[in-house]
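# Observations on the three-dimensional arrangement
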Amino acid sequence: MTTGAPQEAFLQAFHAEYPAVTAEAFGRGRAPDGRSSYEILCDQLAGSTRVLDLGCGDGLLLELLARRAGRQLAGVDLSSHSLALARCRPKLSEAKLEEGRAQELPFADDSFDACASHMALMLMSEIEQVAAEVARVLSPGGVLACAVGGGAVGGEGYERFLTLLRRTIEETPASRRIPALGDKRTRSREGLDEVLGRAGFAAVGWETVPIDLSGPVEQVWATVSSLYDLGPLDRATVERLRVAFFAEVRDMTTSDGHVPCAFKICLATTRLRRAGPR
Ligand SMILES: C[S@@+](CC[C@H](N)C(=O)[O-])C[C@H]1O[C@@H](n2cnc3c(N)ncnc32)[C@H](O)[C@@H]1O
């Protein structure tokens, strides 16, 4: 069985350098209805009081959840650096923020009415173990709502960036490539049904939402270049990629200097039918 150790060591090292990278890059993204992907996930949990954020990072989602008074919030993450930022958020002074693995949650059985996860589930290895742990800490009937990455929308800057990145990675020595992260099944409804169904969850609801990240080219570059894949690349390679990206999006830049950029999130929601395996 894989333990996820090299992947988790990579994630910890990456977030030691970039502890708030996801919230900084994607927090400003907007769906067609004007909400961010964090707000969309937050709204899925409107009726829940005891909420766990799995892979909470620097705590942006938890902060949104804390706007409703009386909530008991908890977050778990591998990264002590990201958690340190979450602990600085005044609204999270009462939240239980724990350094740990989703595969071994540091919480008692039946602790939560809901579990949320924003852009984190798809990075986790031993996903059956994660599903079993989430089932264990949720009460029966508890909600699980996850946002996972769904790739580029197409015909915009992110798609072009991914094409350039793929070429760059092909030419990059294996020592400068990131380890394979997560389990592919988390990126499809069928895959999640398979994993979560075994842990006692009902059929997954699945919605794909485009998130607009358009803006000035420097800002779009800051967003797309925040991907994990760039972490191990040397400076010269990243600079070449940047120059190529600026050239690649020139023809799609609007007269006011904006580059269209968007990605999709897949929003997966389900409920725990019965108590998880003990
Ligand atoms: C892309 S970041 C998203 C952070 C935050 N949810 C957000 O959207 O701003 C993924 C987060 O998941 C955490 N993570 C990945 N695998 C994990 C695991 N097995 N257990 C706990 N946290 C994990 C990483 O440390 C990282 O903070």
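Going by the structure above, here's the rest.
Here we summarise the structure given alongside this text.

What counts, and where the lines are drawn
Residues numbered from 1 in each chain as written. Predicted model: local features only at pLDDT ≥ 70, side-chain atom pairs only at ≥ 80, totals over all residues. Heavy atoms only, no water. Core = buried A, V, L, I, M, F, W, Y, C linked by side-chain atoms within 4.5 Å. Buried < 20%, exposed > 50% of the residue type's maximum accessible area, 1.4 Å probe, protein only. Helix = DSSP H or I, 4+ residues; strand = E, 2+ residues; numbered from the N terminus. Contact = heavy atoms within 4.5 Å. Pairing = 2+ DSSP bridges. Axes fitted to C-alpha atoms, helices over the stretch in contact; angles between N-to-C directions. Parallel < 35°, antiparallel > 145°, perpendicular 65-115°, else oblique. Left-handed = near helix turned anticlockwise from the far one by under 90°. Near = heavy atom within 4 Å. Polar contact = N/O pair within 3.5 Å; in protein donor to acceptor, adjacent residues only side chain to side chain. Areas by Shrake-Rupley, 256 points an atom, 1.4 Å probe, with all protein chains shown as cover. 1 Å grid on protein atoms, 1.4 Å probe; cavity = no way out; pocket = protein on both sides within 12 Å on 5 of 7 lines; lining within 4 Å. Sits in = over half its atoms within 2 Å of the grid points.

### Remarks on the nonpolar core
Of all hydrophobic cores here, the largest spans 93 residues; its most connected members are Leu52, Leu54 and Phe161. Among the elements that take part in this core, strand E5 (residues 138-152) stands out by supplying eight residues, more than any other. Leave out the neighbours within four places in its chain, and Leu52 touches Ala74, Gly75, Val76, Leu105, Phe107, Phe112, Ala114, Cys115, Ala116 and Val137.

### Remarks on the pairing of strand E4 (residues 112-118)
Counting buried residues in E4 gives six out of seven residues, a clear majority hidden from the surface. Here strand E1 (residues 50-54) runs beside E4; their pairing, made up of three bridges, is parallel. Following the sheet pairing, Leu52 is matched in E4 by Cys115. Relative to E5, E4 is paired through six bridges, and the arrangement is parallel.

### Thoughts on the packing of helix H6 (residues 127-137) against helix H8 (residues 189-198)
Packing of H6 against H8 brings their axes to within 8 Å, and their N-to-C directions diverge by 55°. For the element pair H6 / H8, the angle class is oblique. Note on packing geometry: the crossing formed by H6 with H8 is right-handed. Contacts between H6 and H8 involve Ile127, Glu128 and Ala131 on the former and, on the latter, Val195, Leu196 and Arg198.

### A look at helix H3 (residues 37-44)
Of all the residues in H3, the buried ones are Ser37, Tyr38, Ile40, Leu41 and Cys42. On its buried face, H3 sits against helix H2 (21-26), helix H4 (60-65), E4, E5, strand E6 (205-212) and strand E9 (262-271).

### Observations concerning the site of the ligand
The environment of the ligand is made up of 22 residues, and the closest members are Tyr38, Gly55, Asp77, Ala102 and His118. Here Ala102 contributes a backbone N or O atom positioned 2.9 Å from a nitrogen atom of the ligand. A distance of 3.0 Å separates a nitrogen atom of the ligand from a polar side-chain atom of Gln103. Here the ligand has 590 Å² of accessible area as a free molecule, and 96% of this is covered by the chains. More than half of the atoms belonging to the ligand lie within 2 Å of the grid points that define the largest cavity.

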